[in-house]
Amino acid sequence: MGRLGTSGTVPFLHGYGGLGEPLMHMRCLPPLFCRLFSICLVVFSWSAGSATAYESDVVYNLRKSRDALLSQRQELLNASARISQQILQLQQQNDRINAYLRDTDAALRDVEISLRTAK
(Lines give C-alpha, C1' and ligand atoms only; values in the text may rest on other atoms or scores of the structure.)
Protein backbone atom coordinates (compact mmCIF):
# COMPACT_ATOMS: atom_id res chain seq x y z
CA MET A 1 0.00 0.00 0.00
CA GLY A 2 2.59 2.63 1.04
CA ARG A 3 5.45 0.92 -0.79
CA LEU A 4 7.45 2.71 -3.48
CA GLY A 5 6.60 1.32 -6.92
CA THR A 6 9.19 0.23 -9.48
CA SER A 7 8.84 3.43 -11.52
CA GLY A 8 9.83 5.68 -8.59
CA THR A 9 6.27 6.68 -7.83
CA VAL A 10 4.27 6.56 -4.63
CA PRO A 11 1.15 4.39 -4.82
CA PHE A 12 -2.06 6.37 -4.36
CA LEU A 13 -5.19 4.47 -3.41
CA HIS A 14 -8.18 5.66 -5.34
CA GLY A 15 -11.81 4.78 -4.72
CA TYR A 16 -12.75 2.83 -1.64
CA GLY A 17 -15.69 0.61 -2.44
CA GLY A 18 -17.39 0.73 0.95
CA LEU A 19 -17.35 -1.17 4.19
CA GLY A 20 -15.51 -4.42 3.93
CA GLU A 21 -14.86 -4.04 0.20
CA PRO A 22 -11.34 -4.01 -1.15
CA LEU A 23 -9.73 -0.91 -2.62
CA MET A 24 -10.81 -0.68 -6.22
CA HIS A 25 -8.14 1.12 -8.21
CA MET A 26 -4.52 1.70 -7.53
CA ARG A 27 -2.84 4.63 -9.21
CA CYS A 28 0.68 5.92 -8.70
CA LEU A 29 1.56 9.58 -8.30
CA PRO A 30 5.03 11.04 -8.77
CA PRO A 31 6.83 11.82 -5.49
CA LEU A 32 7.22 15.46 -6.54
CA PHE A 33 3.44 15.78 -6.78
CA CYS A 34 3.03 14.31 -3.30
CA ARG A 35 5.57 16.74 -1.89
CA LEU A 36 3.96 19.69 -3.64
CA PHE A 37 0.55 18.58 -2.45
CA SER A 38 1.85 18.34 1.13
CA ILE A 39 3.47 21.76 0.87
CA CYS A 40 0.27 23.22 -0.55
CA LEU A 41 -1.73 21.78 2.36
CA VAL A 42 0.71 23.23 4.88
CA VAL A 43 0.77 26.64 3.15
CA PHE A 44 -3.01 26.67 2.87
CA SER A 45 -3.41 25.80 6.55
CA TRP A 46 -0.88 28.46 7.51
CA SER A 47 -2.38 31.10 5.22
CA ALA A 48 -5.89 30.38 6.49
CA GLY A 49 -4.64 30.98 10.02
CA SER A 50 -2.72 34.08 9.04
CA ALA A 51 -5.70 35.35 7.02
CA THR A 52 -7.80 35.03 10.14
CA ALA A 53 -5.09 36.77 12.14
CA TYR A 54 -4.83 39.43 9.44
CA GLU A 55 -8.59 39.96 9.48
CA SER A 56 -8.61 40.23 13.25
CA ASP A 57 -5.70 42.71 13.06
CA VAL A 58 -7.61 44.73 10.48
CA VAL A 59 -10.76 44.67 12.59
CA TYR A 60 -8.74 45.64 15.68
CA ASN A 61 -7.09 48.54 13.83
CA LEU A 62 -10.42 49.67 12.39
CA ARG A 63 -11.96 49.66 15.86
CA LYS A 64 -9.03 51.64 17.25
CA SER A 65 -9.39 54.12 14.39
CA ARG A 66 -13.13 54.41 15.04
CA ASP A 67 -12.53 54.99 18.75
CA ALA A 68 -9.89 57.63 18.01
CA LEU A 69 -12.22 59.37 15.54
CA LEU A 70 -15.09 59.30 18.03
CA SER A 71 -12.80 60.78 20.66
CA GLN A 72 -11.58 63.44 18.23
CA ARG A 73 -15.20 64.23 17.27
CA GLN A 74 -16.14 64.71 20.91
CA GLU A 75 -13.13 67.00 21.47
CA LEU A 76 -14.11 69.03 18.40
CA LEU A 77 -17.71 69.30 19.64
CA ASN A 78 -16.44 70.48 23.04
CA ALA A 79 -14.12 73.02 21.39
CA SER A 80 -16.97 74.23 19.19
CA ALA A 81 -19.23 74.65 22.23
CA ARG A 82 -16.50 76.60 24.08
CA ILE A 83 -15.90 78.86 21.09
CA SER A 84 -19.65 79.38 20.60
CA GLN A 85 -19.89 80.41 24.26
CA GLN A 86 -16.92 82.77 23.82
CA ILE A 87 -18.53 84.22 20.68
CA LEU A 88 -21.76 84.77 22.60
CA GLN A 89 -19.88 86.54 25.41
CA LEU A 90 -17.91 88.64 22.92
CA GLN A 91 -21.11 89.51 21.07
CA GLN A 92 -22.68 90.65 24.34
CA GLN A 93 -19.59 92.75 25.11
CA ASN A 94 -19.67 94.20 21.58
CA ASP A 95 -23.37 95.05 21.95
CA ARG A 96 -22.64 96.80 25.27
CA ILE A 97 -19.75 98.77 23.74
CA ASN A 98 -21.94 99.77 20.77
CA ALA A 99 -24.62 100.94 23.23
CA TYR A 100 -21.96 103.01 25.07
CA LEU A 101 -20.85 104.44 21.69
CA ARG A 102 -24.44 105.44 20.85
CA ASP A 103 -24.83 107.05 24.27
CA THR A 104 -21.48 108.84 23.86
CA ASP A 105 -22.41 110.02 20.34
CA ALA A 106 -25.77 111.33 21.64
CA ALA A 107 -24.05 113.14 24.52
CA LEU A 108 -21.47 114.59 22.13
CA ARG A 109 -24.22 115.91 19.83
CA ASP A 110 -25.99 117.46 22.79
CA VAL A 111 -22.78 119.20 23.89
CA GLU A 112 -22.06 120.45 20.35
CA ILE A 113 -25.65 121.76 20.01
CA SER A 114 -25.29 123.50 23.39
CA LEU A 115 -21.97 125.04 22.28
CA ARG A 116 -23.54 126.37 19.06
CA THR A 117 -26.48 127.92 20.91
CA ALA A 118 -24.20 129.46 23.53
CA LYS A 119 -22.24 131.47 20.93
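Scroll up to find the structure.
Residues numbered from 1 in each chain as written. Predicted model: local features only at pLDDT ≥ 70, side-chain atom pairs only at ≥ 80, totals over all residues. Heavy atoms only, no water.

Below, the discussion takes up the overall build of the protein. The helix and strand inventory of the protein stands at 1 helix and 2 strands. When the elements of the protein are put in sequence order from the N terminus, they spell out β-β-α. Long-range contacts, defined here as pairs at least 24 residues apart, represent 6% of the contacts in the protein between residues at least 6 apart. Surface summary for the protein: the accessible area is close to 10,600 Å², and the carbon and sulfur share equals 63%. (Helix = DSSP H or I, 4+ residues; strand = E, 2+ residues; numbered from the N terminus. Contact = heavy atoms within 4.5 Å. Areas by Shrake-Rupley, 256 points an atom, 1.4 Å probe, with all protein chains shown as cover.)

Scanning all chains against the criterion turns up 1 salt bridge. Residue Arg66 is joined to Asp67 by a salt bridge in which the shortest nitrogen-to-oxygen separation is 3.6 Å. Judged by its relative accessible area of 43%, Asp67 falls in the partly exposed class. (Salt bridge = Lys/Arg side-chain N within 4 Å of Asp/Glu carboxyl O. Buried < 20%, exposed > 50% of the residue type's maximum accessible area, 1.4 Å probe, protein only.)

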